[in-house]
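# Secondary and tertiary structure notes
Here are the chains, one letter per residue:
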Amino acid sequence: MTTTHSAEAGAPSEQGLQEHFDATIARDQRIEPRDWMPEGYRKTLVRQIAQHAHSEIIGMQPEGEWITRAPSLRRKAILFAKVQDEAGHGLYLYSAAETLGADRADLTERLIEGRQKYSSIFNYPTLSFADVGVIGWFVDGAAICNQVPLCRSSYGPYARAMVRICKEESFHQRQGYELLMTMMRGTEAQRAMVQDAVNRWWWPSLMMFGPPDDASPNSAQSMAWKIKRHSNDELRQRFVDMTVPQAEKLGVTLPDPELRWNAERGRHDFGTPDWDELLRVIKGHGPCNDQRMERRRTAHENGGWVREAATAHAAKQAARARKGAVA
Amino acid sequence: MSDDHVYLTLAEGHEDDARWAYGTGFEDPLHGVDTTVPEGVDATELAALCVALADDALVSAQRLAEWTTRAPELEEEVALANIGLDLLGQARLLYTRAGQADGTGRDEDAYAYFRDAGEFRCVRLAELPDGDFAFTVVRLLVLSSWRLAHFEQLAAHPDPVLSAIAAKGVKELAYHRQYAAEWAVRLGDGTEESHRRTRKALEQVAPYFGELFTAYDVRDEVVAVLRQVVEAAGLPMPVYRPLPGSGRQGEHTEHLAPLLAELQSVARAHPEATW
């Protein structure tokens, strides 16, 4: 798998292939599925793309819970369409992973068995309809900060999938922010719901950028391969700087007493997220880890007979077509 | 494109705010259409027809929304949501038309959120719980075939608004029926288990056929479609033993009230709120 050309006579040596690959990366050109790539690059990408795909699929759950209860038909349609988009994103990303030799069914098994991760943000509960807006604003916002640079990722299919995903995510984020603006103009109870949701989602959202740079073991290699373009801490800082004026405009308080403008740096200073909490949630001990995995597992198991039926029907059709062709 | 562009501009005003998601943003779904009820059209009857068709669509969309994160495959996640969104869109247009025709000026949310089960006029087949995927497919096959046949007729309705809504809906419903028919054939033909489940689903929906065919002359067309699909799936036509009563008369199953309790819960908890 690693050296597809090596069996052919006169094929380039592994060293030659590596040099060609390094030069492509250095020129900021894209690696495509048929190109030779180092096994570590391929594995890193499969891991990252699969984790991203799993996050889209598990990420349908916290907001999906509110489709049936959305308080107006317009909000119901917006939320239903958003959660559907996430299923679509999962599909493109699994397809991108399949161009690297991975198999969607196998990746799903790995998720269900807990061998592959998804973003830890989705292990927090959605407690009111304001959470739908705050998830759009913070979680889709943080996802955009993380993902827009990935549109320039060195792996072609991933970069192209990210272009489409980022466009849709930006709609979602604006929808979320607009819901919050509307709620803040509403009743006292609605404003309290928004502030409560902001308080609960702020710190988990900052953790979406991953551990601090000095504790992020895979980052350096991914940056060298141009799979990743900015460090976790840099992206987190950008997110804070962009969110502060938006919070002011909305009229909510971000729950960080250390948050203030630092004129010398030209950026905001802010408090340190509870990294122990992030580790606990990643290890499976967040508020909803079991619930999210159980839902995904149950859906997959309950759908087993449907997938088997589709496969059996396709095989019977093919057999009938062959029989028809012979006769 | 700068890395930050999208997020940076978030708090700025957007001219097109109402149109962020296709089909989801219209304040007035019938903007620009002449909404005067034409002479010769009974406005009360028109409103009642729009409410009944909207109730079918809203309750069906709610059942389809319940599949979210529970579908057998991601492609089905996307397809069931598509169908649910189409029906939700139809419901919104029809409620709005009803509010214009009945003279109350009620908006779509007044019909959806502030009526009780006894005031709903959906057919009972739409209310039944989702059951397994076979039941959802078979119910969708029956309801979409019926609604499609009905909408094809309504496209010639003398009310231009209902006619336009029906003409738009025909394209959507043709896809819904196609999707359901393809799955019914796959499941009927697939494995012993899928065959058994699909056959059972047909028997479960059959008692509810009666109220679909009372008011409109679409019975023969719908039965012909069902027969064709059921034959291709290698399944027998179910025996028809009609249940008394009709959702169109406000006689519902015990499943409607809990469905509405969930649908209406947030809106009713905050009646003064704006969303």
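To start, this report covers the structure provided alongside it. In this text, all values refer to a predicted model and were calculated from it rather than measured experimentally.

## Side note on the overall build of chain B
A count of helices and strands for chain B gives 10 helices and 0 strands. If you list the helices and strands of chain B from N to C, you get α-α-α-α-α-α-α-α-α-α. The buried share of chain B, taken over its 275 residues, is 55%. The contacts of chain B with a sequence gap of at least 6 include a subset with a gap of at least 24, amounting to 79%. Carbon and sulfur atoms make up 52% of the accessible area of chain B, which amounts to about 11,900 Å² in all.

## Some thoughts on the nonpolar core
Counting 177 residues, the largest nonpolar core has Tyr41 of chain A together with Phe133 of chain B as the members making the most contacts within it. Among all residues touching Phe133 of chain B, those that are not within four sequence positions of it are Trp305 and Val306 of chain A together with Trp67, Pro72, Glu76, Leu80, Tyr179, Trp183 and Leu187 of chain B.

## A short note on the pattern of salt bridges
Applying the stated rule across the entire model yields 34 salt bridges over all chains. For Arg75 of chain A, the salt bridge is made with Glu178 of chain A, and the minimal N-O distance between the two is 2.8 Å. A residue pair is termed long-range when its members are at least 10 positions apart, and Arg75 of chain A in helix α4 (residues 73–98) and Glu178 of chain A in helix α7 (residues 156–184) qualify at 103 residues. The same class applies to Arg75 of chain A as to Glu178 of chain A, namely buried. For the salt bridge of Arg97 of chain B with Asp159 of chain B, the shortest nitrogen-to-oxygen distance reads 2.6 Å. With Arg97 of chain B in helix α3 (residues 74–101) and Asp159 of chain B in the loop between α6 (133–154) and α7 (160–189), this residue pair connects regions lying 62 residues apart in the sequence. The exposure class of Arg97 of chain B is buried, given its relative accessible area of 0%. Overlapping salt bridges, with partners in common, bring together Glu234, Arg238, Asp241 and Arg267 of chain A in one network.

## Here we look at the packing of aromatic side chains
All names here are of chain A. Counting across every chain of the model gives 17 aromatic pairs over all chains. A centroid spacing of 4.4 Å and a plane angle of 35° characterise the contact between Trp137 and Phe138, whose relative ring orientation is tilted. Of the two residues, Trp137 and Phe138, neither departs from the other in class, the shared state being buried. Between Trp202 and Phe239, the aromatic rings sit 5.8 Å apart at their centres with planes inclined by 20°, giving stacked as the arrangement. Placement of Trp202 in helix α8 (residues 188–207) and of Phe239 in helix α10 (residues 232–250) is noted, with a sequence separation of 37 residues between them. Given a relative accessible area of 0%, Trp202 falls into the buried group. Residue classification places Phe239 among the buried positions, given a relative accessible area of 0%.

## Focus on the environment of Ile112 of chain A
Residue and element names in this part refer to chain A. Here Ile112 shows up in helix α5 (residues 104–112). Note on Ile112: relative accessible area 10%, which makes it buried. As for Ile112 and Thr298, which are separated by 186 residues in sequence, their C-alpha atoms are 9.5 Å apart. Dropping the residues within four chain positions of it, Ile112 is found in contact with Met293, Arg296, Arg297 and His300.

## Observations concerning the interface of chain A and chain B
Listed per partner, the contact involves 70 residues of chain A and 70 residues of chain B. Both faces considered, chain A and chain B share a buried interface measuring about 6,000 Å² in area, 66% of it formed by carbon and sulfur atoms. Inspection of the chain A/chain B interface yields 3 salt bridges. The residue Glu75 of chain B makes a salt bridge to Arg104 of chain A at a minimum N-O spacing of 2.5 Å. The tally of links from chain A across to chain B stands at 18 residue pairs in polar contact (both at pLDDT 80 or more). Every element with two or more residues in the side of chain A that touches chain B is listed here: α3 (60–64), α4, α6 (130–147), α7, α8, α10, α12 (289–302) and α13 (304–326) of chain A.

## Some details on unusual backbone geometry
For residues that are not glycine, phi is negative in most cases, and the peptide bond is trans in most cases. Of note in this structure, Asp28 of chain A is not a glycine but carries a positive phi near 65°. Here Asp28 of chain A shows up in the loop between α1 (14–26) and α2 (39–58).

## Regarding α10 of chain A
All names here are of chain A. Helix length check: α10 (19 residues) gives 27 Å between terminal C-alpha atoms against 27 Å at 1.5 Å per residue, within 8%. By the largest-angle criterion, Thr243 marks the main kink of α10, which is about 25°, and a proline, Pro245, follows within four residues. Most of α10 is tucked away: 14 of the 19 residues are buried. Following α10 by one or two positions, Gly251 has its phi on the positive side, about 90°.

Each value, and the rule that gives it
- Residues numbered from 1 in each chain as written.
- Chains lettered and ligands numbered in written order.
- Predicted model: local features only at pLDDT ≥ 70, side-chain atom pairs only at ≥ 80, totals over all residues.
- Heavy atoms only, no water.
- Helix = DSSP H or I, 4+ residues; strand = E, 2+ residues; numbered from the N terminus.
- Buried < 20%, exposed > 50% of the residue type's maximum accessible area, 1.4 Å probe, protein only.
- Contact = heavy atoms within 4.5 Å.
- Areas by Shrake-Rupley, 256 points an atom, 1.4 Å probe, with all protein chains shown as cover.
- Core = buried A, V, L, I, M, F, W, Y, C linked by side-chain atoms within 4.5 Å.
- Salt bridge = Lys/Arg side-chain N within 4 Å of Asp/Glu carboxyl O.
- Phe/Tyr/Trp six-rings, centres within 6.5 Å; stacked < 30°, edge-to-face > 60°.
- Buried area = accessible area lost by both parts, 1.4 Å probe.
- Polar contact = N/O pair within 3.5 Å; in protein donor to acceptor, adjacent residues only side chain to side chain.
- Expected span 1.5 Å × (residues − 1).
- Bend = angle between axes of the 7 residues up to and from the residue.

By themselves, these figures tell us nothing about what the structure is for.
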